[in-house]
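Residue strings, one per chain:
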Amino acid sequence: MKKIERRAAVCAILALVLAAGMALFLVRWVTRGGSWASSAFNRHLYNSSGQLASGSVLDRDGDVLSEVKGGKRTYYADETVRRATLHAVGDLQGNIGTGALNAFAHKLTGYTLVNGAFGAGRGRSLYLTLDARYNYEAYRALNGRSGAVGVYNYKTGEILCMVSAPSYDPLNVPEDLESNERWQGAYLNRFLSSTFTPGSVYKTVTLAAAMETIPSLMERTWTCEGSIVMGGETIACTEAHGEQSTGDAFANSCNVAFAEMAEELGADTLRKYTEQAGLMVSYSVDGIPTAKGSFDWPGLSGGRLGWAGVGQDRNLVNPCALMVYMGAIANGGQAAVPYEIYKTENALGVPSLPHRTRRTGTLVAPDTASALADLMADNVKKTYRADRFPGMDICAKSGTAEVGGGKEPHAWFAGFLRDEGAPYAFVVLVENGGGGSSAAGGVAARVLDIMVNGY
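Residues numbered from 1 in each chain as written. Predicted model: local features only at pLDDT ≥ 70, side-chain atom pairs only at ≥ 80, totals over all residues. Heavy atoms only, no water.

Draft legend 1. The arrangement of the environment of Gly199 in detail. Structurally, Gly199 is set in the loop between helix 7 (190-193) and helix 8 (203-213). Remark: the alpha-carbon pair of Gly199 and Ala308, spanning 109 residues in sequence, is separated by 8.9 Å. Beyond its immediate chain neighbours, meaning those up to four positions away, Gly199 contacts Val310, Gly311, Gln312, Thr400 and Ala401. (Helix = DSSP H or I, 4+ residues; strand = E, 2+ residues; numbered from the N terminus. Contact = heavy atoms within 4.5 Å.)

Encoded structure:
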(Lines give C-alpha, C1' and ligand atoms only; values in the text may rest on other atoms or scores of the structure.)
Protein backbone atom coordinates (compact mmCIF):
# COMPACT_ATOMS: atom_id res chain seq x y z
CA MET A 1 0.00 0.00 0.00
CA LYS A 2 2.83 2.35 0.90
CA LYS A 3 4.51 1.64 -2.46
CA ILE A 4 1.32 2.63 -4.26
CA GLU A 5 1.09 5.81 -2.21
CA ARG A 6 4.73 6.69 -2.97
CA ARG A 7 4.21 6.04 -6.67
CA ALA A 8 1.06 8.16 -6.65
CA ALA A 9 2.99 10.97 -4.96
CA VAL A 10 5.77 10.72 -7.58
CA CYS A 11 3.19 10.79 -10.37
CA ALA A 12 1.51 13.84 -8.80
CA ILE A 13 4.87 15.63 -8.56
CA LEU A 14 5.66 14.76 -12.20
CA ALA A 15 2.23 16.02 -13.25
CA LEU A 16 2.83 19.30 -11.39
CA VAL A 17 6.25 19.68 -13.02
CA LEU A 18 4.68 19.00 -16.43
CA ALA A 19 1.93 21.55 -15.77
CA ALA A 20 4.45 24.13 -14.60
CA GLY A 21 6.55 23.48 -17.70
CA MET A 22 3.51 23.91 -19.94
CA ALA A 23 2.54 27.12 -18.14
CA LEU A 24 6.09 28.46 -18.55
CA PHE A 25 6.05 27.53 -22.23
CA LEU A 26 2.71 29.31 -22.76
CA VAL A 27 3.96 32.46 -21.00
CA ARG A 28 7.09 32.48 -23.14
CA TRP A 29 5.07 31.76 -26.26
CA VAL A 30 2.91 34.81 -25.56
CA THR A 31 5.84 37.08 -24.65
CA ARG A 32 8.52 35.75 -27.01
CA GLY A 33 6.62 34.05 -29.81
CA GLY A 34 7.31 36.89 -32.21
CA SER A 35 11.06 36.65 -31.63
CA TRP A 36 10.99 32.87 -32.08
CA ALA A 37 9.04 33.08 -35.32
CA SER A 38 11.20 35.86 -36.76
CA SER A 39 14.51 34.26 -35.82
CA ALA A 40 17.09 33.97 -38.59
CA PHE A 41 16.74 30.19 -38.26
CA ASN A 42 13.23 30.47 -39.72
CA ARG A 43 14.43 30.23 -43.31
CA HIS A 44 11.14 31.01 -45.05
CA LEU A 45 11.33 34.56 -43.62
CA TYR A 46 14.91 35.14 -44.81
CA ASN A 47 16.42 34.92 -48.28
CA SER A 48 19.44 32.84 -49.25
CA SER A 49 21.76 35.68 -48.19
CA GLY A 50 20.30 35.72 -44.67
CA GLN A 51 18.42 38.98 -45.18
CA LEU A 52 14.95 39.52 -43.71
CA ALA A 53 12.79 39.23 -46.82
CA SER A 54 9.63 40.74 -45.39
CA GLY A 55 8.44 44.17 -44.35
CA SER A 56 9.50 47.78 -44.90
CA VAL A 57 10.98 50.35 -42.51
CA LEU A 58 9.89 53.97 -42.97
CA ASP A 59 10.43 57.21 -41.10
CA ARG A 60 7.55 59.16 -39.54
CA ASP A 61 6.91 61.04 -42.83
CA GLY A 62 6.69 57.85 -44.88
CA ASP A 63 10.16 57.97 -46.46
CA VAL A 64 11.17 54.37 -47.11
CA LEU A 65 14.43 53.60 -45.31
CA SER A 66 14.54 49.88 -46.14
CA GLU A 67 12.35 47.59 -48.23
CA VAL A 68 12.46 44.35 -50.20
CA LYS A 69 12.72 44.48 -53.98
CA GLY A 70 13.08 41.38 -56.13
CA GLY A 71 13.61 39.25 -53.06
CA LYS A 72 16.52 41.40 -51.86
CA ARG A 73 16.54 44.01 -49.13
CA THR A 74 17.62 47.49 -50.09
CA TYR A 75 17.88 50.91 -48.47
CA TYR A 76 17.26 54.60 -49.06
CA ALA A 77 18.89 55.98 -52.22
CA ASP A 78 21.08 58.60 -50.48
CA GLU A 79 24.25 57.19 -48.88
CA THR A 80 24.40 59.79 -46.09
CA VAL A 81 20.82 58.98 -45.07
CA ARG A 82 21.74 55.28 -45.03
CA ARG A 83 24.66 56.01 -42.72
CA ALA A 84 22.64 58.39 -40.54
CA THR A 85 19.82 55.90 -39.97
CA LEU A 86 21.88 52.69 -39.85
CA HIS A 87 21.63 52.09 -36.11
CA ALA A 88 17.87 52.68 -36.18
CA VAL A 89 17.18 50.58 -39.29
CA GLY A 90 19.83 47.88 -38.96
CA ASP A 91 22.28 46.11 -41.26
CA LEU A 92 21.91 43.17 -43.63
CA GLN A 93 24.06 40.86 -41.53
CA GLY A 94 22.18 41.38 -38.26
CA ASN A 95 25.19 42.73 -36.36
CA ILE A 96 23.39 45.85 -35.11
CA GLY A 97 21.07 44.56 -32.42
CA THR A 98 19.18 47.85 -31.95
CA GLY A 99 18.22 48.09 -35.63
CA ALA A 100 14.58 47.56 -36.61
CA LEU A 101 15.50 44.68 -38.92
CA ASN A 102 16.75 42.80 -35.90
CA ALA A 103 14.92 44.18 -32.84
CA PHE A 104 11.51 44.55 -34.53
CA ALA A 105 11.66 41.68 -37.04
CA HIS A 106 8.49 40.15 -35.58
CA LYS A 107 6.60 43.36 -36.33
CA LEU A 108 7.96 43.53 -39.88
CA THR A 109 6.87 39.96 -40.61
CA GLY A 110 3.36 40.59 -39.28
CA TYR A 111 3.55 37.88 -36.63
CA THR A 112 0.45 37.43 -34.46
CA LEU A 113 -0.38 34.92 -31.72
CA VAL A 114 -3.32 33.60 -33.73
CA ASN A 115 -1.84 33.35 -37.22
CA GLY A 116 1.85 33.16 -36.37
CA ALA A 117 3.97 34.22 -39.33
CA PHE A 118 1.32 33.18 -41.88
CA GLY A 119 1.36 35.66 -44.73
CA ALA A 120 4.77 36.98 -43.70
CA GLY A 121 5.77 37.24 -47.34
CA ARG A 122 3.66 40.37 -47.56
CA GLY A 123 4.93 41.66 -44.22
CA ARG A 124 4.14 44.95 -42.57
CA SER A 125 5.24 48.53 -42.92
CA LEU A 126 6.93 49.73 -39.75
CA TYR A 127 7.05 53.50 -39.26
CA LEU A 128 9.71 54.85 -36.91
CA THR A 129 9.19 58.02 -34.87
CA LEU A 130 12.41 59.36 -36.41
CA ASP A 131 12.55 61.98 -39.13
CA ALA A 132 15.27 60.96 -41.60
CA ARG A 133 16.07 64.60 -42.32
CA TYR A 134 16.94 65.27 -38.68
CA ASN A 135 19.20 62.22 -38.61
CA TYR A 136 20.82 63.38 -41.85
CA GLU A 137 21.60 66.81 -40.43
CA ALA A 138 22.86 65.40 -37.13
CA TYR A 139 25.17 62.94 -38.87
CA ARG A 140 26.56 65.67 -41.10
CA ALA A 141 27.07 67.96 -38.09
CA LEU A 142 29.16 65.27 -36.36
CA ASN A 143 31.43 65.58 -39.40
CA GLY A 144 33.13 62.21 -39.17
CA ARG A 145 33.57 62.25 -35.38
CA SER A 146 32.38 59.44 -33.14
CA GLY A 147 29.48 60.17 -30.83
CA ALA A 148 25.73 60.22 -30.41
CA VAL A 149 22.85 62.62 -30.98
CA GLY A 150 19.36 62.22 -29.57
CA VAL A 151 16.28 64.45 -29.56
CA TYR A 152 12.85 63.45 -28.27
CA ASN A 153 9.48 64.92 -27.39
CA TYR A 154 9.44 64.87 -23.59
CA LYS A 155 5.63 65.05 -23.51
CA THR A 156 4.86 62.17 -25.91
CA GLY A 157 8.08 60.11 -25.80
CA GLU A 158 8.69 60.09 -29.57
CA ILE A 159 12.38 59.89 -30.47
CA LEU A 160 12.72 62.30 -33.38
CA CYS A 161 16.46 62.01 -33.97
CA MET A 162 18.81 59.16 -33.03
CA VAL A 163 22.30 59.01 -34.53
CA SER A 164 25.32 56.97 -33.57
CA ALA A 165 28.78 57.30 -35.12
CA PRO A 166 30.97 55.88 -36.49
CA SER A 167 28.54 54.51 -39.01
CA TYR A 168 28.88 53.00 -42.47
CA ASP A 169 26.93 52.36 -45.64
CA PRO A 170 25.04 49.07 -45.21
CA LEU A 171 25.06 48.56 -48.99
CA ASN A 172 28.84 48.99 -49.17
CA VAL A 173 30.31 47.54 -45.99
CA PRO A 174 34.00 48.49 -45.59
CA GLU A 175 36.33 45.50 -45.94
CA ASP A 176 38.31 46.62 -42.89
CA LEU A 177 35.25 47.32 -40.73
CA GLU A 178 36.36 45.00 -37.95
CA SER A 179 40.09 45.68 -38.12
CA ASN A 180 40.46 49.42 -38.73
CA GLU A 181 40.38 51.62 -35.60
CA ARG A 182 38.43 54.17 -37.64
CA TRP A 183 35.36 51.94 -37.42
CA GLN A 184 35.80 50.94 -33.77
CA GLY A 185 32.41 50.24 -32.24
CA ALA A 186 30.54 50.79 -35.50
CA TYR A 187 27.99 48.07 -34.63
CA LEU A 188 27.23 49.73 -31.30
CA ASN A 189 24.37 52.19 -30.89
CA ARG A 190 26.12 54.69 -28.64
CA PHE A 191 22.89 56.51 -27.83
CA LEU A 192 21.11 53.46 -26.42
CA SER A 193 23.80 50.95 -25.56
CA SER A 194 26.86 52.82 -24.25
CA THR A 195 27.93 54.76 -21.18
CA PHE A 196 30.43 57.62 -20.97
CA THR A 197 32.04 59.90 -18.39
CA PRO A 198 29.55 62.79 -18.16
CA GLY A 199 31.75 65.66 -17.07
CA SER A 200 29.93 68.86 -16.17
CA VAL A 201 26.49 67.85 -17.47
CA TYR A 202 26.34 65.87 -14.22
CA LYS A 203 26.47 69.16 -12.28
CA THR A 204 22.73 69.42 -12.92
CA VAL A 205 22.32 66.48 -10.50
CA THR A 206 24.74 67.90 -7.94
CA LEU A 207 22.94 71.25 -8.10
CA ALA A 208 19.51 69.63 -7.70
CA ALA A 209 20.75 67.81 -4.59
CA ALA A 210 22.31 70.98 -3.19
CA MET A 211 19.15 73.04 -3.79
CA GLU A 212 17.15 70.66 -1.65
CA THR A 213 19.63 69.90 1.13
CA ILE A 214 22.03 72.85 1.58
CA PRO A 215 20.28 75.74 3.40
CA SER A 216 20.24 79.15 1.67
CA LEU A 217 22.18 77.74 -1.26
CA MET A 218 21.21 80.50 -3.69
CA GLU A 219 22.40 83.17 -1.24
CA ARG A 220 25.79 81.50 -0.87
CA THR A 221 28.98 82.63 -2.58
CA TRP A 222 31.89 80.45 -3.62
CA THR A 223 35.51 81.49 -4.03
CA CYS A 224 37.52 79.88 -6.80
CA GLU A 225 41.27 80.48 -7.02
CA GLY A 226 41.71 78.03 -9.89
CA SER A 227 41.97 74.84 -7.82
CA ILE A 228 41.21 73.32 -4.44
CA VAL A 229 42.85 70.54 -2.42
CA MET A 230 40.50 67.91 -1.02
CA GLY A 231 41.73 64.81 0.75
CA GLY A 232 45.24 65.48 -0.47
CA GLU A 233 44.10 65.65 -4.09
CA THR A 234 44.06 68.79 -6.23
CA ILE A 235 40.82 69.50 -8.10
CA ALA A 236 41.60 71.93 -10.89
CA CYS A 237 39.24 74.42 -12.50
CA THR A 238 39.41 75.94 -15.97
CA GLU A 239 40.34 79.32 -14.46
CA ALA A 240 40.24 81.33 -11.26
CA HIS A 241 36.64 82.54 -11.12
CA GLY A 242 37.04 84.53 -7.89
CA GLU A 243 33.98 85.09 -5.69
CA GLN A 244 30.77 84.00 -7.39
CA SER A 245 27.15 83.24 -6.67
CA THR A 246 25.76 79.73 -7.01
CA GLY A 247 24.11 80.69 -10.30
CA ASP A 248 27.36 82.10 -11.65
CA ALA A 249 29.27 79.04 -10.47
CA PHE A 250 26.85 76.93 -12.52
CA ALA A 251 27.19 79.17 -15.57
CA ASN A 252 30.99 79.14 -15.16
CA SER A 253 30.86 75.36 -14.63
CA CYS A 254 33.21 75.91 -11.70
CA ASN A 255 34.81 72.67 -10.52
CA VAL A 256 35.91 74.21 -7.22
CA ALA A 257 32.39 75.28 -6.23
CA PHE A 258 30.80 71.99 -7.23
CA ALA A 259 33.49 69.92 -5.53
CA GLU A 260 32.75 71.85 -2.33
CA MET A 261 29.03 71.24 -2.80
CA ALA A 262 29.71 67.51 -3.23
CA GLU A 263 31.76 67.48 -0.02
CA GLU A 264 28.91 69.11 1.90
CA LEU A 265 26.35 66.76 0.39
CA GLY A 266 28.29 63.54 0.95
CA ALA A 267 28.32 60.37 -1.13
CA ASP A 268 25.02 58.99 0.19
CA THR A 269 23.07 62.11 -0.78
CA LEU A 270 24.65 62.27 -4.22
CA ARG A 271 23.84 58.61 -4.75
CA LYS A 272 20.22 59.20 -3.75
CA TYR A 273 19.79 62.04 -6.24
CA THR A 274 21.63 60.19 -9.01
CA GLU A 275 19.30 57.23 -8.60
CA GLN A 276 16.27 59.53 -8.47
CA ALA A 277 17.41 61.19 -11.72
CA GLY A 278 17.19 57.82 -13.49
CA LEU A 279 20.87 57.73 -14.39
CA MET A 280 21.45 54.30 -12.87
CA VAL A 281 18.49 52.50 -14.45
CA SER A 282 17.81 50.93 -17.83
CA TYR A 283 14.89 52.27 -19.90
CA SER A 284 13.05 50.02 -22.33
CA VAL A 285 12.74 51.67 -25.73
CA ASP A 286 10.12 49.46 -27.38
CA GLY A 287 11.81 46.47 -25.76
CA ILE A 288 15.39 47.59 -26.42
CA PRO A 289 17.10 48.12 -23.03
CA THR A 290 19.35 51.13 -22.60
CA ALA A 291 22.70 50.74 -20.86
CA LYS A 292 22.71 51.44 -17.12
CA GLY A 293 24.86 54.22 -15.77
CA SER A 294 27.37 53.33 -13.07
CA PHE A 295 28.75 55.30 -10.11
CA ASP A 296 31.25 54.11 -7.51
CA TRP A 297 29.64 55.60 -4.39
CA PRO A 298 30.49 53.28 -1.45
CA GLY A 299 33.07 54.89 0.81
CA LEU A 300 33.64 57.79 -1.57
CA SER A 301 35.23 60.81 0.14
CA GLY A 302 37.89 63.49 -0.20
CA GLY A 303 39.21 64.24 -3.67
CA ARG A 304 37.32 61.39 -5.31
CA LEU A 305 34.02 62.69 -3.92
CA GLY A 306 34.87 66.16 -5.19
CA TRP A 307 35.65 64.84 -8.66
CA ALA A 308 32.46 62.75 -8.64
CA GLY A 309 30.45 65.89 -7.87
CA VAL A 310 31.73 67.54 -11.06
CA GLY A 311 31.01 64.45 -13.19
CA GLN A 312 34.45 62.87 -13.22
CA ASP A 313 35.95 60.06 -11.10
CA ARG A 314 34.34 56.79 -12.25
CA ASN A 315 30.97 58.23 -13.19
CA LEU A 316 29.41 56.80 -16.37
CA VAL A 317 26.04 57.78 -17.87
CA ASN A 318 23.99 56.64 -20.82
CA PRO A 319 23.09 59.41 -23.33
CA CYS A 320 19.45 58.33 -23.62
CA ALA A 321 18.96 58.32 -19.83
CA LEU A 322 20.54 61.78 -19.61
CA MET A 323 18.17 63.02 -22.32
CA VAL A 324 15.17 61.72 -20.35
CA TYR A 325 16.44 63.51 -17.23
CA MET A 326 16.62 66.73 -19.24
CA GLY A 327 13.02 66.10 -20.33
CA ALA A 328 11.96 65.69 -16.71
CA ILE A 329 13.54 69.03 -15.73
CA ALA A 330 11.64 70.62 -18.61
CA ASN A 331 8.35 68.95 -17.76
CA GLY A 332 8.05 69.69 -14.06
CA GLY A 333 9.82 66.60 -12.74
CA GLN A 334 8.44 63.77 -14.89
CA ALA A 335 8.94 62.95 -18.57
CA ALA A 336 7.59 60.53 -21.14
CA VAL A 337 9.49 57.27 -21.57
CA PRO A 338 11.11 57.32 -25.04
CA TYR A 339 9.94 55.06 -27.86
CA GLU A 340 10.71 54.70 -31.59
CA ILE A 341 7.90 52.67 -33.18
CA TYR A 342 5.43 55.22 -34.53
CA LYS A 343 3.02 52.65 -35.96
CA THR A 344 2.78 49.56 -38.13
CA GLU A 345 0.48 48.92 -41.09
CA ASN A 346 -0.47 45.55 -42.54
CA ALA A 347 -0.62 44.74 -46.25
CA LEU A 348 -4.15 46.20 -46.41
CA GLY A 349 -2.99 49.51 -44.88
CA VAL A 350 -4.69 48.90 -41.53
CA PRO A 351 -2.66 50.67 -38.82
CA SER A 352 -1.79 49.39 -35.38
CA LEU A 353 -3.40 50.83 -32.27
CA PRO A 354 -2.09 54.25 -31.16
CA HIS A 355 0.91 54.24 -28.85
CA ARG A 356 0.15 54.65 -25.16
CA THR A 357 2.56 57.13 -23.60
CA ARG A 358 4.26 55.92 -20.43
CA ARG A 359 5.79 58.31 -17.92
CA THR A 360 8.76 58.13 -15.63
CA GLY A 361 8.51 58.55 -11.91
CA THR A 362 9.48 61.87 -10.40
CA LEU A 363 13.11 62.34 -11.44
CA VAL A 364 13.39 65.78 -9.88
CA ALA A 365 11.08 67.72 -7.56
CA PRO A 366 8.83 70.19 -9.46
CA ASP A 367 10.12 73.33 -7.70
CA THR A 368 13.71 72.20 -8.18
CA ALA A 369 13.03 71.47 -11.85
CA SER A 370 11.69 74.99 -12.39
CA ALA A 371 14.68 76.61 -10.67
CA LEU A 372 17.12 74.39 -12.59
CA ALA A 373 15.47 75.30 -15.89
CA ASP A 374 15.90 79.01 -15.20
CA LEU A 375 19.58 78.54 -14.34
CA MET A 376 20.12 76.45 -17.48
CA ALA A 377 18.50 79.21 -19.54
CA ASP A 378 20.95 81.64 -17.93
CA ASN A 379 23.81 79.35 -18.98
CA VAL A 380 22.86 79.86 -22.61
CA LYS A 381 22.65 83.63 -22.24
CA LYS A 382 25.84 84.01 -20.20
CA THR A 383 28.09 81.32 -21.64
CA TYR A 384 26.87 79.47 -24.74
CA ARG A 385 25.75 82.39 -26.97
CA ALA A 386 22.00 82.52 -27.34
CA ASP A 387 22.34 83.80 -30.93
CA ARG A 388 23.35 80.28 -31.98
CA PHE A 389 19.80 79.17 -31.14
CA PRO A 390 17.52 81.65 -32.93
CA GLY A 391 13.87 81.67 -31.98
CA MET A 392 14.36 79.20 -29.12
CA ASP A 393 13.83 79.38 -25.38
CA ILE A 394 16.63 76.93 -24.73
CA CYS A 395 18.00 75.62 -21.44
CA ALA A 396 21.27 73.71 -21.53
CA LYS A 397 24.40 72.48 -19.78
CA SER A 398 27.68 71.64 -21.47
CA GLY A 399 30.26 69.13 -20.33
CA THR A 400 33.93 68.56 -21.05
CA ALA A 401 34.69 65.10 -19.69
CA GLU A 402 38.33 64.17 -19.15
CA VAL A 403 39.02 60.59 -20.22
CA GLY A 404 42.79 60.30 -19.68
CA GLY A 405 45.26 58.42 -21.82
CA GLY A 406 46.42 61.62 -23.49
CA LYS A 407 43.12 61.82 -25.38
CA GLU A 408 40.97 64.88 -25.92
CA PRO A 409 38.00 65.08 -23.52
CA HIS A 410 34.50 64.04 -24.53
CA ALA A 411 32.25 66.98 -25.40
CA TRP A 412 28.65 67.03 -24.13
CA PHE A 413 25.72 69.37 -24.63
CA ALA A 414 22.34 68.49 -23.12
CA GLY A 415 19.14 70.36 -22.40
CA PHE A 416 15.67 71.17 -23.68
CA LEU A 417 13.39 73.75 -25.25
CA ARG A 418 10.65 75.44 -23.24
CA ASP A 419 8.18 75.52 -26.09
CA GLU A 420 4.66 74.05 -26.18
CA GLY A 421 4.98 73.67 -29.95
CA ALA A 422 8.42 72.06 -29.77
CA PRO A 423 8.77 70.28 -26.41
CA TYR A 424 12.14 68.73 -27.21
CA ALA A 425 14.87 67.43 -24.92
CA PHE A 426 18.23 66.66 -26.47
CA VAL A 427 21.67 65.25 -25.83
CA VAL A 428 24.82 65.45 -27.94
CA LEU A 429 28.06 63.58 -27.26
CA VAL A 430 31.18 64.05 -29.37
CA GLU A 431 33.84 61.56 -28.34
CA ASN A 432 37.22 63.22 -27.81
CA GLY A 433 35.63 66.37 -29.20
CA GLY A 434 37.21 68.86 -26.80
CA GLY A 435 35.07 71.70 -25.42
CA GLY A 436 31.45 70.79 -24.79
CA SER A 437 29.88 74.12 -25.73
CA SER A 438 31.83 74.51 -28.96
CA ALA A 439 31.94 70.95 -30.30
CA ALA A 440 28.72 69.37 -29.00
CA GLY A 441 26.88 72.69 -28.76
CA GLY A 442 27.50 73.31 -32.45
CA VAL A 443 25.92 69.98 -33.37
CA ALA A 444 22.90 70.71 -31.16
CA ALA A 445 22.51 74.18 -32.69
CA ARG A 446 22.42 72.77 -36.22
CA VAL A 447 19.92 70.01 -35.47
CA LEU A 448 17.59 72.19 -33.37
CA ASP A 449 17.65 74.95 -35.98
CA ILE A 450 16.40 72.46 -38.58
CA MET A 451 13.74 71.11 -36.25
CA VAL A 452 12.44 74.46 -35.01
CA ASN A 453 13.10 76.87 -37.86
CA GLY A 454 13.19 74.45 -40.80
CA TYR A 455 16.58 75.53 -42.16
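Don't stop here, the text continues.
Draft legend 2. Just the sheet that holds strand 14 (residues 394-401), in detail. With respect to topology, five strands assemble into an open sheet ordered 6-5-16-15-14, the strand pairing being antiparallel. Across the chains shown, the open sheet's two edge strands, defined by having one partner strand only, are strand 6 (159-165) and strand 14. Between one strand and the next, the sheet's axes are offset by a mean angle of 5°, whatever the strand orientation. Sheet topology note: the strand 5 (residues 147-153)/strand 6 ladder contains six bridges and is antiparallel. Within the sheet, the bridge partner assigned to Gly150 lies in strand 6 and is Met162. (Pairing = 2+ DSSP bridges. Axes fitted to C-alpha atoms, helices over the stretch in contact; angles between N-to-C directions.)

Draft legend 3. Fine view of the packing of helix 6 (residues 132-142) against helix 15 (residues 436-453). Following both chains from N to C, one finds helix 6 and helix 15 inclined at 160°, their axes separated by 9 Å at the closest point. Considered as vectors, helix 6 and helix 15 are oriented roughly antiparallel to each other. Judged by the sense of rotation from one axis to the other, the crossing of helix 6 with helix 15 is right-handed. Listed contacts from helix 15 to Arg133, Tyr134, Glu137, Ala138, Ala141 and Leu142 of helix 6 are Val443, Arg446, Val447, Ile450 and Met451. By residue class, the composition of the contact of helix 6 with helix 15 is eight nonpolar, no polar and three charged. (Parallel < 35°, antiparallel > 145°, perpendicular 65-115°, else oblique. Left-handed = near helix turned anticlockwise from the far one by under 90°. Nonpolar A, V, L, I, M, F, W, Y, C, P; charged D, E, K, R; others polar.)

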